[in-house]
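# Residue-level structural notes
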Amino acid sequence: SNGWGVKKAAAPVNAQVTKLWNLMIAPILFGLIGAAVSVDLLNGPSLAKAFAVLGAGAVARVLTSGLVAMAGTELEWRERLFMGLAWISKATTQAALSATALMEARERNLSQQKQDWGQDIFTIYALSIVLTAPLGAFVLAIAGKRFLTAGE
């Protein structure tokens, strides 16, 4: 793409979009999501189930992305494991889609219990971002030093 000047042409646009995201869009987006989260509505059994689902999802993601998806590559097992660990903190899509259950329950005037379930789903996945982002950064900082070596 360098031959066509795409990277050079995209650089100013990329810089402006990054500034817009960092200064305006991200704070508004995360502020709105944070305002919609009702942690006080969650109870012990719901949180236990949430942590179990998040844990199982993280393990499945590490195994599939690190071990299965990288199976045809020449990466060593340590590098494959690192690739899998890099996906621990990927919860933004789930959190964005989790509002669908809540919206559908409200729009269709479903029972209060189903609306509560929708709120639980939304809250749990919003919390998953809060929990997995720092966990992912911590795990990668440790795993990078242990599993990766400097190239030639």
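Computed from a predicted structure; not experimentally measured.

Let us now look at the overall build of the protein chain. Counting its secondary structure elements, the protein chain contains 5 helices and 0 strands. The helix and strand sequence of the protein chain, counted from the amino end, reads α-α-α-α-α. Taken along the three principal axes of its C-alpha coordinates, the protein chain extends 60 × 40 × 25 Å. The long-range share in the protein chain, meaning contacts at least 24 apart out of those at least 6 apart in sequence, stands at 65%. A total accessible area of about 10,700 Å² is found for the protein chain, and carbon and sulfur atoms account for 67% of it. Taking the average place of the 13 positive charges on the side chains of the protein chain and the average place of its 9 negative ones, the gap between the two points comes to 5 Å.

It is worth spelling out a nonpolar patch on the surface at this point. Residues Leu20, Trp21, Leu23, Met24, Ile25, Ile28, Leu29, Phe30 and Leu32 make up a contiguous nonpolar surface patch of about 890 Å² in total accessible area. Within the secondary structure, Leu29 is located in helix H1 (residues 6-36). Since its relative accessible area comes to 36%, Leu29 is described here as partly exposed.

This paragraph deals with helix H5 (residues 112-147). For H5, spanning 36 residues, the distance from its first C-alpha to its last is 49 Å, which sits close to the expected 52 Å at 1.5 Å a residue. At Thr132, H5 is deflected by roughly 25°, the largest bend along its length, and proline Pro134 occurs up to four residues later in sequence.

The next thing to look at is helix H2 (residues 44-68). The first and last C-alpha atoms of H2 sit 35 Å apart over 25 residues, in line with the 36 Å expected at 1.5 Å per residue. Taken together, the buried positions of H2 are Ser46, Ala50, Leu54, Ala58, Arg61, Val62, Ser65 and Gly66.

Right, let's get into unusual backbone geometry. Here Asn109, not a glycine, exhibits a phi torsion of approximately 50°, which is positive. Tracing the backbone shows Asn109 in the loop between helix H4 (92-107) and H5.

Estimated volume of the largest pocket: approximately 160 Å³. Ser46, Lys49, Ala50, Val53, Asp120, Ile121, Ile124 and Tyr125 together form the lining of the largest pocket. For the lining of the largest pocket, the secondary-structure elements that each account for two or more residues are H2 and H5.

The rules we used
Residues numbered from 1 in each chain as written. Predicted model: local features only at pLDDT ≥ 70, side-chain atom pairs only at ≥ 80, totals over all residues. Heavy atoms only, no water. Helix = DSSP H or I, 4+ residues; strand = E, 2+ residues; numbered from the N terminus. Contact = heavy atoms within 4.5 Å. Areas by Shrake-Rupley, 256 points an atom, 1.4 Å probe, with all protein chains shown as cover. Lys, Arg positive; Asp, Glu negative; His and termini not counted. Charge placed at Lys NZ, Arg CZ, Asp CG, Glu CD. Patch = residues over 30% accessible without salt bridge, like charges linked within 9 Å, V, L, I, M, F, W, Y side chains within 5 Å. Salt bridge = Lys/Arg side-chain N within 4 Å of Asp/Glu carboxyl O. Buried < 20%, exposed > 50% of the residue type's maximum accessible area, 1.4 Å probe, protein only. Expected span 1.5 Å × (residues − 1). Bend = angle between axes of the 7 residues up to and from the residue. 1 Å grid on protein atoms, 1.4 Å probe; cavity = no way out; pocket = protein on both sides within 12 Å on 5 of 7 lines; lining within 4 Å. Points joined across faces, edges and corners; volume = space filled by probe spheres on them.

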